[in-house]
Amino acid sequence: MRILLMLFCLTCWLLPNLNRIQGQEAWTAPAYTDSLVNPFKSDKKIIAEAKKIYESACWTCHGLTGRGDGPAATGLTPKPADHSSAKVQHQADGALFWKLSKGRGVMPPFETTLSKQQRWKLVCYIRELAKQNSQR
Ligand code: HEC
């Protein structure tokens with residue numbers, strides 16, 4: 001009887017938390033972010049600047065080529081996003097900007113540690129990584 005009760009309690013706790021444990025809850029940016037416009041047009045200078053930021057603040061989790069395979073990615077749930085994947089590339093610039101500003105779970109919020117300009121340049125860089133990975 002006691003075991004049954006324990007099982008019951010466990011199930012009650014598990015069900016609402018299942019998504020979180022599996023880390024599969026979809027992460028969607030609010031609709032208004034789709035209309036935000038990146039003030040930068042990707043060019044060599046911007047990519048070079050963004051690369052520096054990426055290779056200090058992002059690569060440990062997302063990997064140098066953005067595939068989500070950085071050294072700190074092992075053991076993280078959910079896994080750091082593959083920035084060159086269709087799932088990421090199908091999102092609007094504004095949605096990516098919002099996500100990297102706000103963060104979620106182990107993904108840190110960069111709203112206060114990086115300037116607005118730096119964060120928009122990183123969005124250019126995420127697009128650039130996808131281009132480069134498709135040519136590798
Ligand atoms: C400590 C590890 C870590 C660091 C550092 C990190 N990220 Fe992440 N990032 C994650 C994880 C984990 C996720 C998946 C979060 C989720 O789905 O709940 C993620 C998700 C994202 C997403 C959303 C992708 C999607 O699927 O929609 C973007 C964009 C992103 N990261 C950009 C960045 C950028 C840019 C930096 C550097 C300024 C950075 N991240 C640094 C771990 C990290």
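Summarised in this report is the structure supplied together with it. (Residues numbered from 1 in each chain as written. Predicted model: local features only at pLDDT ≥ 70, side-chain atom pairs only at ≥ 80, totals over all residues. Heavy atoms only, no water.)

## With respect to the nonpolar core
As a reminder, the rule being used: Among buried residues, the Ala, Val, Leu, Ile, Met, Phe, Trp, Tyr and Cys ones that are joined through side-chain atoms within 4.5 Å form a nonpolar core. Relative accessibility under 20% of the residue-type maximum defines a buried residue, over 50% an exposed one, and the middle range a partly exposed one, all with a 1.4 Å probe and only protein chains included. Segments assigned H or I by DSSP are reported as helices when at least four residues long, segments assigned E as strands when at least two residues long, and all are numbered from the N terminus.
Grouped together as the largest cluster of nonpolar side chains are 19 residues, with contacts concentrated most on Y54, L122, V123 and Y125. The leading source of residues in this core is helix α6 (residues 116-135), at seven residues.

## With respect to the site of the ligand
The cut-off we apply is this: The nearness test applies per residue and asks whether one of its heavy atoms lies within 4 Å of the molecule or strand. Polar contact criterion, stated in full: a pair of N or O atoms within 3.5 Å, where within protein one must be able to donate a hydrogen and the other to accept it, and residues adjacent in sequence count only if both atoms are side-chain atoms.
The ligand sits among 22 residues. The nearest are C58, C61, H62, K99 and M107. K87 is positioned with one of its side-chain polar atoms (N or O) 2.9 Å from an oxygen atom of the ligand. A distance of 2.7 Å separates an oxygen atom of the ligand from a polar side-chain atom of K99. The set of elements that each furnish at least two residues to the shell around the ligand consists of α3 (59-62), α4 (86-89) and α5 (93-102).

## What about the side chain of R119?
Here is the rule we go by: Charge convention: Lys and Arg are scored as positive, Asp and Glu as negative, and His as well as the terminal groups of each chain are ignored. The term salt bridge refers to a side-chain nitrogen of Lys or Arg lying within 4 Å of a carboxyl oxygen of Asp or Glu. A contact between two residues is defined here by any heavy atoms of the two lying within 4.5 Å.
Relative to the helices and strands, R119 resides in helix α6. For the buried residue R119, which engages in no salt bridge, the nearest side chain bearing the opposite charge is E111, 4.9 Å off. What R119 contacts, discounting residues up to four positions off in sequence, is F97, L100, S101, F110, E111 and L114.

## So, the packing of α5 against α6
When two helices pack together, you describe them by how their axes are tilted relative to each other and by the distance separating the axes. Here is the rule: Inter-axis angles, ranging from 0 to 180 degrees, are taken between N-to-C directions of lines fitted to C-alpha atoms, where helices are fitted over the stretch in contact. Convention used here: angles under 35 degrees read as roughly parallel, angles over 145 as roughly antiparallel, angles from 65 to 115 as roughly perpendicular, and any remaining angle as oblique. By definition, any crossing whose near helix is turned counterclockwise from its far helix by less than a right angle is left-handed, and any crossing with a clockwise turn is right-handed. Put simply, Ala, Val, Leu, Ile, Met, Phe, Trp, Tyr, Cys and Pro go in the nonpolar bin, Asp, Glu, Lys and Arg in the charged bin, and everything else, Gly too, in the polar bin.
For the pair α5 and α6, the least separation of the axes is 9 Å and the interaxial angle reads 120°. It follows from the interaxial angle that α5 and α6 lie oblique. Seen from above, α5 lies across α6 with right-handed handedness. Together, D93, G94, L96, F97, L100 and S101 of α5 and K116, R119, W120, L122, V123, I126 and R127 of α6 make up the contact between the two elements. For the contact of α5 with α6, the class distribution of residues is seven nonpolar, two polar and four charged.

Spatial relationships are all this shows, so hold off on functional conclusions.
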